[in-house]
Amino acid sequence: MGLIGGMARTAVVAGTATAVSNRVSRRQAGRWQQQSDAQAYQEQQYAQPAYAAPPPPAPVAAQDDDDLIAQLEKLGGLRDKGILTDEEFAAQKAKLLAG
């Protein structure tokens, strides 16, 4: 085989390899695209709602027992001095106990 025949054969082999490589690349890209589309469809189908959950309620400030007792004693002293009536005392006491 001459020089030209060897070059022609090399060109045919290289061209065939390039064509096969391009076909494999296109096929693989198509498969990846199908997988990506299927995954996007599933994610869209089962996606959680786009709204955020409401924030948890603020914790209620717990009154210290000693503080509550002191306030009740103060109210009792005001009632005993005649500054508060029994009804006013009962209303303020209910407000304190309700928190």
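Please read all numbers here as calculations on a predicted model, not as lab measurements.

Participant: So what about a nonpolar patch on the surface? Which residues, and what values?
Facilitator: A cluster of nonpolar side chains, Leu3, Ile4 and Met7, forms an exposed patch at the surface whose accessible area comes to about 400 Å². One can find Ile4 in helix H1 (residues 3–45).

Participant: Give me the nonpolar core: which residues, what numbers.
Facilitator: A general trend in soluble globular proteins is that nonpolar side chains are found buried together. If you look at the biggest cluster of nonpolar residues, it comprises five residues: Leu68, Leu75, Leu84, Phe89 and Leu96. Counting residues per element, the ones that place at least two in this core are helix H2 (65–80) and helix H3 (86–98).

Participant: If you had to explain H3 to someone new, which residues and values would you point to?
Facilitator: For H3, built from 13 residues, the straight-helix expectation of 18 Å at 1.5 Å per residue is met to within 8% by its first-to-last C-alpha distance of 18 Å. Just past H3, the residue Gly99 takes up positive phi, approximately 90°.

Participant: Give a description of the packing of aromatic side chains that names residues and reports values.
Facilitator: For the coordinates displayed, the defined rule picks out zero aromatic pairs. Across from the ring centre of Phe89, 4.2 Å away, lies the NZ or CZ of Arg79, which sits over that ring.

Participant: Which residues make up the pattern of salt bridges, and what values go with them?
Facilitator: In total, this model carries one salt bridge according to the counting rule given. A salt bridge links Asp80 to Arg79; the shortest N-O distance between them is 3.8 Å. Accessibility expressed as a relative area gives 61% for Asp80, which makes it exposed. Overall, Arg79 belongs to the partly exposed group, its relative accessible area being 31%.

Participant: Pulling in residues and values, what's your account of H2?
Facilitator: Over its 16 residues, H2 runs 22 Å from end to end, which matches the ideal 22 Å to within 8%, given 1.5 Å per residue. Turning to H2, its buried residues number three or more, namely Leu68, Leu75 and Gly76. Within H2, the buried residues cover an arc of 100° as seen down the axis, which keeps them to one side. In H2, the exposed positions angled more than 90 degrees off the buried face are occupied by Asp66, Glu73, Lys74 and Asp80. Of the residues trailing H2, Gly82 is marked for its positive phi of about 90°.

Conventions and cut-offs
- Residues numbered from 1 in each chain as written.
- Predicted model: local features only at pLDDT ≥ 70, side-chain atom pairs only at ≥ 80, totals over all residues.
- Heavy atoms only, no water.
- Patch = residues over 30% accessible without salt bridge, like charges linked within 9 Å, V, L, I, M, F, W, Y side chains within 5 Å.
- Areas by Shrake-Rupley, 256 points an atom, 1.4 Å probe, with all protein chains shown as cover.
- Salt bridge = Lys/Arg side-chain N within 4 Å of Asp/Glu carboxyl O.
- Helix = DSSP H or I, 4+ residues; strand = E, 2+ residues; numbered from the N terminus.
- Core = buried A, V, L, I, M, F, W, Y, C linked by side-chain atoms within 4.5 Å.
- Buried < 20%, exposed > 50% of the residue type's maximum accessible area, 1.4 Å probe, protein only.
- Expected span 1.5 Å × (residues − 1).
- Phe/Tyr/Trp six-rings, centres within 6.5 Å; stacked < 30°, edge-to-face > 60°.
- Lys NZ or Arg CZ within 6 Å of the ring centre and 35° of its normal.
- Arc of directions from axis to C-beta.

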